[in-house]
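Structural overview for review
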Amino acid sequence: MPLKGLNVLEFSGLAPVPFVGTVLSDFGANVTIIQKRNVMFEFTSFLNGGKKSIGINLKHPEGIEITQKLIANADILLEPFRPGVMEKLGLGPNVMMAKNPRLIYARLNGYGSHGQYAQRAGHDINYLAISGLLSLYGSKNTKPVPPVNFSEFAGGSMVCVMGILMAVIERYKSGKGQVVEANITEGMSYVGSWLMCSQDSMIWGKSKGENLLDGGMHFYDTYETKDGKWMAVGALEPAFYREFIEGLGLNIDEVEQMDNFQSNREIIANKFKEKTREEWSNANACVTPVLELDEVDQHPHNATRNSFMRKNNVVVPVPAPKLSVTPGVSSSNKPIAVSGQNTREILESIGYTQMEITKLFQNKTIFEDSKSRL
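Residues numbered from 1 in each chain as written. Predicted model: local features only at pLDDT ≥ 70, side-chain atom pairs only at ≥ 80, totals over all residues. Heavy atoms only, no water.

Attention shifts here to the pairing of strand 7 (residues 220-224). One ladder, built from 5 bridges, connects strand 7 with strand 8 (residues 230-234); its direction is antiparallel. Bridging across to strand 8, Tyr223 finds its partner in Met231. Hairpin connection between strand 7 and strand 8: a loop of 5 residues separates the two successive antiparallel strands, and Gly228 in this loop has a positive phi of roughly 80 degrees. (Pairing = 2+ DSSP bridges. Helix = DSSP H or I, 4+ residues; strand = E, 2+ residues; numbered from the N terminus.)

Attention shifts here to helix 5 (residues 124-131). Buried within helix 5 are the following residues: Asp124, Tyr127, Leu128 and Ser131. Here the buried residues of helix 5 occupy an arc of 100 degrees about the axis, which is enough to place them on one side. Buried residues in helix 5 make contact with helix 6 (151-174), helix 7 (184-191) and helix 8 (193-197). The positive-phi residue at the C-terminal boundary of helix 5 is Gly132, with phi of around 95 degrees. (Buried < 20%, exposed > 50% of the residue type's maximum accessible area, 1.4 Å probe, protein only. Arc of directions from axis to C-beta. Contact = heavy atoms within 4.5 Å.)

Read from one edge to the other, the open sheet built from 3 strands follows the order 7-8-9, with strand pairing classed as antiparallel. The sheet is open, and its two borders are formed by strand 7 and strand 9 (287-289), each paired with just one other strand. Taking the axes of each pair of neighbouring strands and ignoring which way they run, one obtains an average angle of 20 degrees across the sheet. Packing against the sheet, helix 10 (residues 261-272) makes contact with strand 7 and strand 8, and its axis sits at approximately 40 degrees to strand 7. (Axes fitted to C-alpha atoms, helices over the stretch in contact; angles between N-to-C directions.)

As a further point, take a nonpolar patch on the surface. Taken together, the side chains of Met162, Met166 and Tyr190 make up a nonpolar region of the molecular surface, amounting to roughly 340 Å² of accessible area. Turning to its location among the elements, Met166 is positioned in helix 6. (Patch = residues over 30% accessible without salt bridge, like charges linked within 9 Å, V, L, I, M, F, W, Y side chains within 5 Å. Areas by Shrake-Rupley, 256 points an atom, 1.4 Å probe, with all protein chains shown as cover. Salt bridge = Lys/Arg side-chain N within 4 Å of Asp/Glu carboxyl O.)

As a further point, take the domain arrangement of the chain. Splitting the chain by domain gives domain 1 (7-192 + 320-367) and domain 2 (220-290). Once you take the C-alpha centre of each, domain 1 and domain 2 turn out to be 44 Å apart. (Domains from an automatic or database assignment.)

Another point: the pattern of salt bridges. According to the stated counting rule, one finds 12 salt bridges in the structure shown. The partner of Glu10 in a salt bridge is Lys51, with the nearest N and O atoms 2.8 Å apart. One end of the pair, Glu10, is in strand 1 (residues 7-11); the other, Lys51, is in the loop between strand 2 (30-35) and strand 3 (52-56), with 41 residues separating them in the sequence. Taken individually, Glu10 and Lys51 each receive the classification buried, so the pair is uniform in this respect.

Counting 29 residues, the largest nonpolar core has Val20, Leu24, Ile76, Leu78 and Ile164 as the members making the most contacts within it. Of all the elements in the fold, those that place two or more residues in this core are helix 1 (16-26), strand 4 (76-79), strand 5 (104-109), helix 5, helix 6, strand 6 (179-183) and helix 7. Counting residues per element, this core draws most heavily on helix 6, which supplies 5 residues. Membership of the second largest hydrophobic core comes to 26 residues, among which are Phe11, Leu58, Met97 and Ile346. (Core = buried A, V, L, I, M, F, W, Y, C linked by side-chain atoms within 4.5 Å.)

Packing of helix 6 against helix 7 brings their axes to within 8 Å, and their N-to-C directions diverge by 95 degrees. Between helix 6 and helix 7, the crossing angle belongs to the class labelled roughly perpendicular. Contact residues: helix 6 offers Ser151, Glu152, Ala154, Gly155, Gly156, Val159 and Met162, while helix 7 offers Ile184, Gly187, Met188, Tyr190 and Val191. Partitioned by chemical class, the residues of the contact of helix 6 with helix 7 number 7 nonpolar, 4 polar and 1 charged. (Parallel < 35°, antiparallel > 145°, perpendicular 65-115°, else oblique. Nonpolar A, V, L, I, M, F, W, Y, C, P; charged D, E, K, R; others polar.)

With that settled, consider the packing of aromatic side chains. What the rule picks out here adds up to 10 aromatic pairs. In this structure an aromatic cluster arises from ring pairing among Phe219, Tyr223, Tyr241, Phe244, Phe272 and Trp280. Between the NZ or CZ atom of Arg120 and the centre of the ring of Tyr117, over which it lies, the distance is 3.9 Å. Sitting over the ring of Trp280, Lys275 keeps its end group 4.8 Å from the ring centre. (Phe/Tyr/Trp six-rings, centres within 6.5 Å; stacked < 30°, edge-to-face > 60°. Lys NZ or Arg CZ within 6 Å of the ring centre and 35° of its normal.)

Relative to the elements of secondary structure, Glu65 occurs in helix 2 (residues 61-72). Distance in space between the C-alpha atoms of Glu65 and Ala29 is 24 Å, their sequence separation being 36 residues.

On to unusual backbone geometry, then. For the peptide bond that leads from Ala320 to Pro321, omega is 0 degrees, which places it in the cis range. Within the element layout of this structure, Pro321 appears in the loop between strand 11 (314-317) and helix 13 (343-349). You will see that Asn312, though not glycine, has its phi angle at about 50 degrees, which is positive. In the Ramachandran plot, Asn313 falls in the positive-phi region, its phi being about 65 degrees despite a non-glycine side chain.

This is the structure we're talking about:
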């Protein structure tokens with residue numbers, strides 16, 4: 001696996017940083033989480049498959065000492081806190097990279113290390129709003145509508161992974177690590193570069209919901225079928241549009257592509273309601289069924305490619321991209337580490353004796369939960 005041998009230390013946090021750890025783990029890295037007992041982290045526990053966990057009280061001086069030793073032995077550190085938190089703990093990059101010059105210190109937060117909003121709390125909707133991209137979401141004459149929390153993983157987690165891997169490559173040349181400063185707002189903006197830079201093109205130019213790619217056109221939209229399900233249509237090119245219209249059994253001269261958008265939409269909508277989604281699914285010309293999450297692994301295309309797997313009857317995507325020589329392996333089927341489950345094992349690996357470990361448990365510097373989730 002491409003990242004085999006890299007040791008990652010992940011500080012527990014909300015979903016974007018744990019997903020960074022999951023991606024690195026899926027492609028072979030050894031990931032250890034420093035966890036604390038917090039009910040909020042239950043929402044991200046399913047991202048802990050294949051990871052190890054150590055429970056450390058970071059408010060205890062000895063807890064900081066243990067953490068410093070772990071960082072000194074790490075290749076990559078994943079940090080999810082607001083700016084300044086790690087510095088106050090004595091775990092900031094200046095201190096830790098002096099002890100471990102090869103350390104790649106990855107920070108992922110909402111708004112960045114400085115600026116007016118740096119210390120503010122936020123979530124996907126807030127970062128999208130500040131990036132400007134939220135203004136593009138929604139139909140004509142409606143308020144901006146936030147998508148499901150997806151952007152913070154594309155603009156946050158995956159941009160952070162990209163930065164880490166670039167730093168790993170550079171380290172082979174210089175022998176030194178560096179700080180990877182990722183924030184979700186700027187990451188979203190970067191991922192949305194094409195959207196932002198193309199606003200003066202013919203693709204956009206009109207109000208929200210009236211453009212080529214935002215539902216403004218009848219040939220780039222979704223349509224309900226007879227059985228209450230949906231089909232997605234993306235027949236942009238004239239050749240595909242002709243094939244689409246003819247596939248519906250309509251006359252291209254009566255449903256022209258670049259005219260009568262609203263009336264054409266109604267004609268097409270009525271046509272789609274004559275058959276079920278399954279009956280329409282053989283259509284070509286950029287027409288596809290809108291699949292529900294619990295059926296995507298059963299679709300013939302996805303099933304042939306083994307694009308998904310199941311755990312406890314929940315559909316889970318397999319690692320992407322697929323590498324021909326060193327492909328990733330999903331950590332989803334591995335036991336899920338719970339808070340402090342591997343505390344003893346990890347402390348032993350960095351030189352602590354059983355007597356020292358027992359004392360640390362007694363003074364509540366560390367903790368463990370021995371029951372893993374399968």
